[in-house]
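An overview of the molecular structure
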Amino acid sequence: MTAGSGPAVHVALAVGLTAVSTAAVLVRLVDGVSSLAIAFWRITFAAVLFAPLLLSKRRREALAGLSTAARWRLLGAGVFLGAHFALWITSLQYTSVASSVLLVTTNPIWVGLLSPWLIGERPTRRTWVGILVAMIGAVIVGFEADTGEYANPALGNALALAGGLAASGYLMMSRSVRPSLDFGAYSAATMAGAWVVLALVVVVSGVPLSGYEASAWGLFAAMALGPQLLGHGSLVWALRWVGADVVAVVLLGEPIGAAILAWYVLGEVPPDAAWMGGPLLLVGIGIVLSAGARPPGVSGSDT
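Here's a quick rundown of the structure.

Attention now goes to the overall build of the protein. Within the protein, the secondary structure is distributed over 14 helices and zero strands. In sequence order, the secondary structure elements of the protein are arranged as α-α-α-α-α-α-α-α-α-α-α-α-α-α. A buried classification covers 53% of the 303 residues belonging to the protein. Summarising the internal contacts of the protein: among those between residues at least 6 apart in sequence, 90% fall at separations of at least 24. In the form shown here, the protein has an accessible surface area of approximately 12800 Å², with 70% of it arising from carbon and sulfur atoms.

What follows covers the packing of aromatic side chains. For any pair of aromatic rings, the description rests on two quantities: the centre-to-centre distance and the angle between the ring planes. Taken as a whole and judged by the stated rule, the model has eight aromatic pairs. The interplanar angle of 75° and the centroid separation of 6.2 Å between the aromatic rings of Trp 41 and Phe 45 together place this pair among those described as edge-to-face. Taken as a pair, Trp 41 and Phe 45 lie in helix H3 (residues 35-50) at a separation of four residues, close to a single helical turn. Accessibility expressed as a relative area gives 17% for Trp 41, which makes it buried. The partly exposed category is assigned to Phe 45, whose relative accessible area is 26%.

The topology assignment puts Gly 277 in helix H14 (residues 272-290). On the accessibility criterion, Gly 277 (0% relative accessible area) is buried. With 137 residues separating them in the primary sequence, Gly 277 and Ile 140 have C-alpha atoms 5.0 Å apart.

Rules used in this analysis
- Residues numbered from 1 in each chain as written.
- Predicted model: local features only at pLDDT ≥ 70, side-chain atom pairs only at ≥ 80, totals over all residues.
- Heavy atoms only, no water.
- Helix = DSSP H or I, 4+ residues; strand = E, 2+ residues; numbered from the N terminus.
- Buried < 20%, exposed > 50% of the residue type's maximum accessible area, 1.4 Å probe, protein only.
- Contact = heavy atoms within 4.5 Å.
- Areas by Shrake-Rupley, 256 points an atom, 1.4 Å probe, with all protein chains shown as cover.
- Phe/Tyr/Trp six-rings, centres within 6.5 Å; stacked < 30°, edge-to-face > 60°.

Given below as structure tokens:
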């Protein structure tokens, strides 16, 4: 971590966590729209916001100057991001917010297990302790989660878990290539990749992409500005100074924020286990953050 970046990184992680916690409720508020269409328009709005950043000659040159391996990792990050949204948003059609968000935030398990093999990052001993504490809290939160009268909780939970795996791939690919690009170039490129994935999915599935109420379009825009631009944007910015495992564990706080919002906005009362597991989740996050950051060793401008 560079001098003076510590407080800024912690603020970015807190802002990112808060913003992404609103995503599930925003998705649920969209009425009469296919989940794949919701995912497509969320990314479309975000991609439009980021596209002008590629007008910068410096950013285009930075992308053109990437090695072949880095280009493949950048492409992989976009593919994983698109798959994550397609899988996770669809899961919300079949299971509760609490169960879906819990399973989609199991990233620390997969990042911790796969990072040493895929990107050569080994979590510190303290980070592993934080992961363990946080995961115990996550298990407690989900153990008594009430699925309610949902269409197919088993399918929804499986989709959410697959979405978590895809998000883990995105984090690891992001961590390995993000230091070589500034925030704007990286975000615009990954948004474009995710958009291509989701465009192909909706074309193949024949999902209608128009004819919605004005409120639906407003919610699409809110998803792009809040969870996507402010939420994921803050987390990607932080990946310049912290490991993918740190961001993954910070995201374990999302089920708590999402459950509280779902209770207040949608009337989905969190189970008692959320109140027991929630504090453990936060303690685990604190332990991981206290372990410090490991800079990737590749410098670049973030202006």
